[in-house]
Amino acid sequence: MSANKVVFITGATSGFGRATARRFAAAGWSLVLTGRRLERLQALQQELQDLVPVHVAALDVRDADAVAAVVAALPASMRPITVLVNNAGLALAPVPAQEVELADWHTMIDTNVKGLVNVTHALLPQLIDTGAGASIVNIGSVAGSWPYPGSHVYGATKAFVKQFSYNLRCDLVATGVRVTDLAPGMAETEFTLVRTRGDQAASEQLYRGANALQAEDIAEQIFYIATLPPHMCINRLEVMPTQQAWSPFLVHRK
Ligand code: NDP
Ligand code: 8X3
């Protein structure tokens, strides 16, 4: 592995992605930061560029051609990529399945499934070039393993992330590239604001008194996973706030 360590982060404009950029910058890694909101990427670049080299690119992960173009345009100093953090994602429509607009299901599948696949496919050659010590950290969710009302397609996309991560591990086993499904529980980011389409009160209500995970907690886990000795791979890591756990089965009585 080259001495120049480079992390490529999707969804670096907010939440886990932004905190992960800060965590890797503090350790001296070069950063490739992507997301749709260019002004937020530029603000983060301003903040971190005195510490480490930072390359930003506005990118909607749903657009496979745009993903390929961003990867093709990476400066030489940002190749090959050492760690890919597939973080961009969202939940929408926290209501029963029968009340959801089809477009919302499509948006979640296009982002959380197809977007993650687009970026992975585009960066696999570089990660394989890096070889031992390279990592793909896919951000799954507890919703990928545990069903709950209103999770419908969101949880299903995260189940995809888990199984895709395991299957990638099998195909990459001889390359040295590690793959992890990191599955957080409740974490206080802009996630609920996006899910409720801007309902600040609902977001605050959800996190109130829950001592939820913070973005920095997950960034620390990502950094830990990606900097383990090259012979160690965490296949899956599920992290919840101590105050969150499972509920009994749902029973509808007539
Ligand atoms: P935030 O809403 O704070 O951040 C989401 C990030 O994803 C933003 O940077 C956003 O950037 C980016 N994103 C969304 N859609 C796209 C797109 N089409 N193309 C590129 N980037 C996109 O939420 P979190 O930080 O909490 O979420 C990060 C990941 O963690 C998601 O995959 C989420 O499902 C997962 N997760 C979150 C949990 C939580 O409780 N918060 C728990 C478990 C998993 P922009 O809008 O600028 O494009
Ligand atoms: C987000 C966590 O519990 O809202 O993936 O599904 S949860």
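Residues numbered from 1 in each chain as written. Chains lettered and ligands numbered in written order. Predicted model: local features only at pLDDT ≥ 70, side-chain atom pairs only at ≥ 80, totals over all residues. Heavy atoms only, no water.

### With respect to the overall build of the protein chain
Phase 1: For the protein chain, the helix and strand inventory stands at eight helices and nine strands.
Phase 2: Against the 2.2 N^0.38 benchmark of 18 Å for 254 residues, the protein chain shows a C-alpha radius of gyration of 18 Å, consistent with a compact globule.
Phase 3: Across its three principal directions, the C-alpha atoms of the protein chain cover 65 × 40 × 35 Å.
Phase 4: Burial analysis of the protein chain (254 residues in total) assigns 48% to the buried set.
Phase 5: Of the contacts made within the protein chain by residues no fewer than 6 positions apart, 71% connect residues no fewer than 24 positions apart.
Phase 6: Element-wise, carbon and sulfur atoms account for 56% of the exposed surface of the protein chain, whose accessible area totals about 12,300 Å².
Phase 7: Distance between charge centres in the protein chain, computed from 20 positive and 21 negative side chains, equals 5 Å. (Helix = DSSP H or I, 4+ residues; strand = E, 2+ residues; numbered from the N terminus. Rg over C-alpha atoms; globule rule 2.2 N^0.38 Å. Buried < 20%, exposed > 50% of the residue type's maximum accessible area, 1.4 Å probe, protein only. Contact = heavy atoms within 4.5 Å. Areas by Shrake-Rupley, 256 points an atom, 1.4 Å probe, with all protein chains shown as cover. Lys, Arg positive; Asp, Glu negative; His and termini not counted. Charge placed at Lys NZ, Arg CZ, Asp CG, Glu CD.)

### Focus: the packing of aromatic side chains
Phase 1: In total, this model carries five aromatic pairs according to the counting rule given.
Phase 2: Ring centres of F160 and F164 lie 5.5 Å apart, and the angle between their planes is 20 degrees; on these two criteria the pair is classed as stacked. Remark: F164 and F160 occur in helix α5 (residues 152-172); sequence separation between them is four residues, near one turn of the helix.
Phase 3: Among the aromatic residues, those joined into a ring-pair cluster are F24, W29 and F223. (Phe/Tyr/Trp six-rings, centres within 6.5 Å; stacked < 30°, edge-to-face > 60°.)

### Digging into the site of ligand 1
Phase 1: Neighbouring ligand 1 are 30 residues; T13, S14, R36, Y154 and T189 lie closest to it.
Phase 2: In the model, a nitrogen atom of ligand 1 is placed 3.0 Å from a nitrogen or oxygen of the V61 main chain.
Phase 3: Take G89: an N or O atom from its main chain is 3.5 Å from an oxygen atom of ligand 1.
Phase 4: Its free accessible area being 870 Å², ligand 1 has 96% of it covered by the protein chains.
Phase 5: Taken together, the elements giving at least two residues each to the shell around ligand 1 come down to α1 (15-26), α5 and α6 (191-195).
Phase 6: Looking at the shell around ligand 1 residue by residue, the classes come out as 12 nonpolar, 12 polar and six charged. (Near = heavy atom within 4 Å. Polar contact = N/O pair within 3.5 Å; in protein donor to acceptor, adjacent residues only side chain to side chain. Nonpolar A, V, L, I, M, F, W, Y, C, P; charged D, E, K, R; others polar.)

### As for the packing of helix α4 (residues 102-130) against α5
Phase 1: The N-to-C vectors of α4 and α5 enclose an angle of 15 degrees; their axes lie 9 Å apart at closest approach. On the basis of the axis angle, α4 is roughly parallel to α5. Between α4 and α5 the crossing geometry is right-handed. Residues W105, M108, I109, N112, V113, L116, V117, T120, L124 and I128 of α4 form the contact with α5, whose own contacting residues are H152, V153, Y154, T157, K158, F160, V161, F164, L168 and L172.
Phase 2: Looking at the contact of α4 with α5, its residues break down into 15 nonpolar, four polar and one charged. (Axes fitted to C-alpha atoms, helices over the stretch in contact; angles between N-to-C directions. Parallel < 35°, antiparallel > 145°, perpendicular 65-115°, else oblique. Left-handed = near helix turned anticlockwise from the far one by under 90°.)

### Some points on the sheet that holds strand β2 (residues 30-35)
Phase 1: Pairing is parallel in the open sheet, where seven strands are placed in the order β3-β2-β1-β4-β5-β6-β9. Strand pairing shows two members of the sheet lacking a second neighbour, β3 (54-58) and β9 (236-239), which therefore form its edges. The sheet shows a mean angle of 15 degrees between the axes of neighbouring strands, direction not considered.
Phase 2: Here β2 runs beside β3; their pairing, made up of five bridges, is parallel. Residue pairing across strands places L33 opposite V56, the latter belonging to β3.
Phase 3: Sheet strands in contact with α5 are β5 (135-139), β6 (178-184) and β9, and its direction is about 160 degrees off that of β6. (Pairing = 2+ DSSP bridges.)

### Topic: the pairing of β6
Phase 1: Most of β6 is tucked away, with seven of its seven residues classed as buried.
Phase 2: Here β6 shows two buried faces, one formed by R178, T180, L182 and P184 and the other by V179, D181 and A183.
Phase 3: Where β5 lies against β6, five bridges are found, and the strand directions are parallel. Bridge pairing in β6 places N138 opposite D181.
Phase 4: Between the parallel pair β5 and β6, the chain is carried across by α5, and the sense of this crossover is right-handed.
Phase 5: Here β6 pairs with β9 via four bridges, running parallel. Each residue of the ladder has a partner; that of D181, found in β9, is R236. (Right-handed = clockwise from strand over helix to strand, strands pointing away.)

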